[in-house]
Amino acid sequence: EMIHLFGHSRVWDLLKSCLGQYSYQEAPILHAAIGKVHQDTLNGIIHNFRSSAFLRDHEGNLALHVGIKKRLKWTHGLCDIVKSNPRAVKEIEVSTGLPAFAFAAVQQMDSEGLQIEKTDMKTLYELCLLGLHP
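What you see is a predicted model, and the numbers here were worked out from it, not measured in a lab.

**Q** I'd love a proper account of helix α8 (residues 121-132), names of residues and values included.
**A** The terminal C-alpha atoms of α8 lie 16 Å apart, and with 12 residues this matches the ideal 16 Å at 1.5 Å per residue to within 8%. Residues of α8 that are buried: Thr123, Leu124, Glu126 and Leu127. In this fold, the buried residues of α8 make contact with α5 (63-69), α6 (78-84) and α7 (100-106).

**Q** Give me the lowdown on the nonpolar core, citing residues and values where you can.
**A** In this structure, Leu30, Ile34, Leu64, Ile68, Leu78, Ile81 and Leu127 are the most contacted members of the largest nonpolar core, which totals 28 residues. Elements that contribute at least two residues to this core include exactly α3 (29-33), α4 (39-48), α5, α6, α7 and α8. Excluding residues that lie within four positions of it along the chain, Leu127 makes contacts with Leu64, Ile68, Trp74, Leu78, Val82, Val89, Ala100, Phe101 and Ala104.

**Q** Give me the pattern of salt bridges: which residues, what numbers.
**A** A complete count under the given rule lists 3 salt bridges for this structure. In this structure, Glu59 and Lys69 form a salt bridge, with 3.3 Å as the shortest nitrogen-oxygen distance. One end of the pair, Glu59, is in the loop between α4 and α5; the other, Lys69, is in helix α5, with 10 residues separating them in the sequence. Relative accessible area serves as the criterion here: at 43%, Glu59 is assigned to the partly exposed category. One salt bridge connects Glu126 with Lys122, and the closest N-O pair in it is separated by 2.8 Å. Separated by 4 residues within a single helix, Glu126 and Lys122 lie in helix α8, roughly one turn from each other. A residue is classified by how much of its surface remains accessible, and Glu126, at 14% relative accessible area, is buried.

**Q** How would you summarise the environment of Ala63 if you had to cite specific residues and measurements?
**A** Following the sequence through the fold, Ala63 ends up in helix α5. Sequence separation between Ala63 and Ala53 is 10 residues, and the spatial gap between their C-alpha atoms is 5.4 Å. For Ala63, the residues in contact, after removing those within four places along its chain, are Leu30, His31, Ile34, Ser52, Ala53, Leu55 and Ile81.

So, how was this worked out
Residues numbered from 1 in each chain as written. Predicted model: local features only at pLDDT ≥ 70, side-chain atom pairs only at ≥ 80, totals over all residues. Heavy atoms only, no water. Helix = DSSP H or I, 4+ residues; strand = E, 2+ residues; numbered from the N terminus. Expected span 1.5 Å × (residues − 1). Buried < 20%, exposed > 50% of the residue type's maximum accessible area, 1.4 Å probe, protein only. Contact = heavy atoms within 4.5 Å. Core = buried A, V, L, I, M, F, W, Y, C linked by side-chain atoms within 4.5 Å. Salt bridge = Lys/Arg side-chain N within 4 Å of Asp/Glu carboxyl O.

Structure (structure tokens):
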């Protein structure tokens with residue numbers, strides 16, 4: 001609703017101004033938004049808070065790992081997170097010790113190793129391709 005009242009760029013300017021007053025640069029705003037906002041808003045956060053993809057949350061995870069954990073698909077924003085921090089694909093997910101592509105694969109399984117949801121093959125393919133190439 002604020003966007004309709006003030007315009008898209010004005011809302012981002014206002015948000016940056018408000019958060020900047022409280023040293024919000026260290027908080028993982030991108031992590032909090034993953035899985036809760038539309039892809040356009042996610043891209044707005046990535047664009048306006050450029051360091052957000054490089055920050056780690058309280059569990060030590062990057063935004064990429066949070067996106068994988070929340071089953072964010074490659075075409076619904078995960079690719080944008082990777083574009084903003086390509087090195088994240090090489091980082092190990094803290095709780096499992098797995099690389100991004102393997103972590104994405106096991107997120108589709110329950111504790112007994114049974115598939116709980118259809119795997120997004122595009123996400124696995126892209127993460128595997130990027131994770132295996134130097």
